Structure formats: structure tokens, C-alpha cells
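Inside the fold
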Amino acid sequence: MTRIVSVFFAFIVGLISINAQISLPSNITWEKITCYKYNKENKNKERSAIYAPQLYQSDEYISVQSEFNDYDNVHIIITNAQSVIVKDEFINVITGDENLYYIGDLNSGDYNIMLETDDLILVGNFII
């Protein structure tokens, strides 16, 4: 009987944690960046589903939010309206963390962002 109760409790906790939302710092106004996702062809896939991180923008930061996976060496490239690369760096994305990337040094204008992991590429645009 205790085994059944333990399994039921683990099931309920699992459901609650799946529906948990990642919270962003509340004192900053965040806007979601709509991105197109492109899956990379990888012949040695370990999992069938690929969960894409979500990108959010504030005046000074881009937040890369991941609910399910950590990503090492995420390549972020930001280009301006003339397709000139203005930022080109690598960051690590940790599940449930804010994963902030500083954009406060960019001038006002339209920008494209490309985020590349081992499994996928996200492409979106934002305005400062």
C-alpha cells in the first residue's frame, strides 16, 4: 500500500513540476521574442523531442529560458538591420535560470538574433 501511495505522490509532484512556469525578474518589463525553430540533422539523436528555449527581451537584456534542458556553449549572434554582426558570443543556458545576455550597449534599431545549440537553431528579431 505504501508503494502505491508513493507512486501516486511522485506522479502528482511530477505533474506539478511539468506545469511550473519559469519566472523572470519582476522589476523589469519583459517582452517575448517570437523565434522560428530549425532542427539540426543529427544522426545520433538521444531523444526524439527537442525542446526549444524561449527568448525574452528587456531594455538591457535578453533572457534565454529553458524549462527542460541545459545547453552548453550556446552561440548567440546578433546582427543589425544592415546584416552587420554586432554581437557574437557563447553562453551556457541552465534550466530554470534567468540566463541573461546583455544588450544595453546596442543602439536603437531593429536587430536579428540567432541562437544555435547542438540540436537546433532559433532565429528571431527584436527592436530596441
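Reference entry: report on the structure contained in this document. Quick caveat: nothing in here was measured; it's all calculated off a predicted structure.

**Some remarks on the overall build of the protein**
When helices and strands are counted, the protein shows one helix and nine strands. Sequence-distant contacts in the protein: of pairs separated by 6 or more residues, those separated by 24 or more amount to 59%. Accessible surface, the protein: about 8,900 Å² in total, of which carbon and sulfur atoms supply 50%.

**Section: the nonpolar core**
Core analysis: the largest hydrophobic core is formed by 19 residues, its most contacted members being I62, I76, I78 and F126. Among the elements of the structure, β4 (61-65), β5 (71-80), β6 (85-93), β8 (110-116) and β9 (120-127) are those that each provide at least two residues to this core. The dominant element in this core, judged by the number of residues it contributes, is β5, at four residues. Ignoring sequence-local partners within four residues, the contact set of I76 consists of V64, K87, D88, E89, I91, Y101, I113, M114 and L115.

**What to know about the side chain of S63**
Take S63: it is sitting in strand β4. At 2.4 Å, the side chain of S63 forms a polar contact with the side chain of Q65.

**Observations regarding the pattern of salt bridges**
With the rule as written, the count across this model stands at two salt bridges. The salt bridge partner of E116 is K40, with a shortest N-O separation of 2.6 Å. In this pair, E116 sits in strand β8 while K40 sits in the loop between β2 (35-39) and β3 (54-57), placing the two residues 76 residues apart along the sequence. In this structure, K87 and D105 form a salt bridge, with 3.2 Å as the shortest nitrogen-oxygen distance. Pair noted here: K87 is in strand β6 and D105 is in the loop between β7 (100-102) and β8, with a separation of 18 residues, a long-range link.

**Thoughts on the packing of aromatic side chains**
Applying the stated criterion across every chain, the model contains two aromatic pairs. Consider the rings of Y61 and Y102, whose centres lie 5.6 Å apart with planes at 70°: the pair is edge-to-face. Linking Y61 in strand β4 with Y102 in strand β7, this pair joins segments that are 41 residues apart in sequence. Here the aromatic rings of Y111 and F126 are separated by 5.7 Å at their centres, their planes lie at 20°, and the arrangement is stacked. In this pair, Y111 is assigned in strand β8 and F126 in strand β9, connecting sequence segments 15 residues apart. An identical accessibility class is assigned to Y111 and F126; each is buried.

**Quick notes on unusual backbone geometry**
Backbone geometry places N73, a non-glycine residue, at a positive phi of 50°. Within the element layout of this structure, N73 appears in strand β5. Even without being glycine, S83 reaches a positive phi, approximately 65°. With respect to the helices, strands and loops of the structure, S83 is situated in the loop between β5 and β6.

Analysis parameters
- Residues numbered from 1 in each chain as written.
- Predicted model: local features only at pLDDT ≥ 70, side-chain atom pairs only at ≥ 80, totals over all residues.
- Heavy atoms only, no water.
- Helix = DSSP H or I, 4+ residues; strand = E, 2+ residues; numbered from the N terminus.
- Contact = heavy atoms within 4.5 Å.
- Areas by Shrake-Rupley, 256 points an atom, 1.4 Å probe, with all protein chains shown as cover.
- Core = buried A, V, L, I, M, F, W, Y, C linked by side-chain atoms within 4.5 Å.
- Buried < 20%, exposed > 50% of the residue type's maximum accessible area, 1.4 Å probe, protein only.
- Polar contact = N/O pair within 3.5 Å; in protein donor to acceptor, adjacent residues only side chain to side chain.
- Salt bridge = Lys/Arg side-chain N within 4 Å of Asp/Glu carboxyl O.
- Phe/Tyr/Trp six-rings, centres within 6.5 Å; stacked < 30°, edge-to-face > 60°.

Limitation: the analysis is restricted to geometry and does not speak to function.
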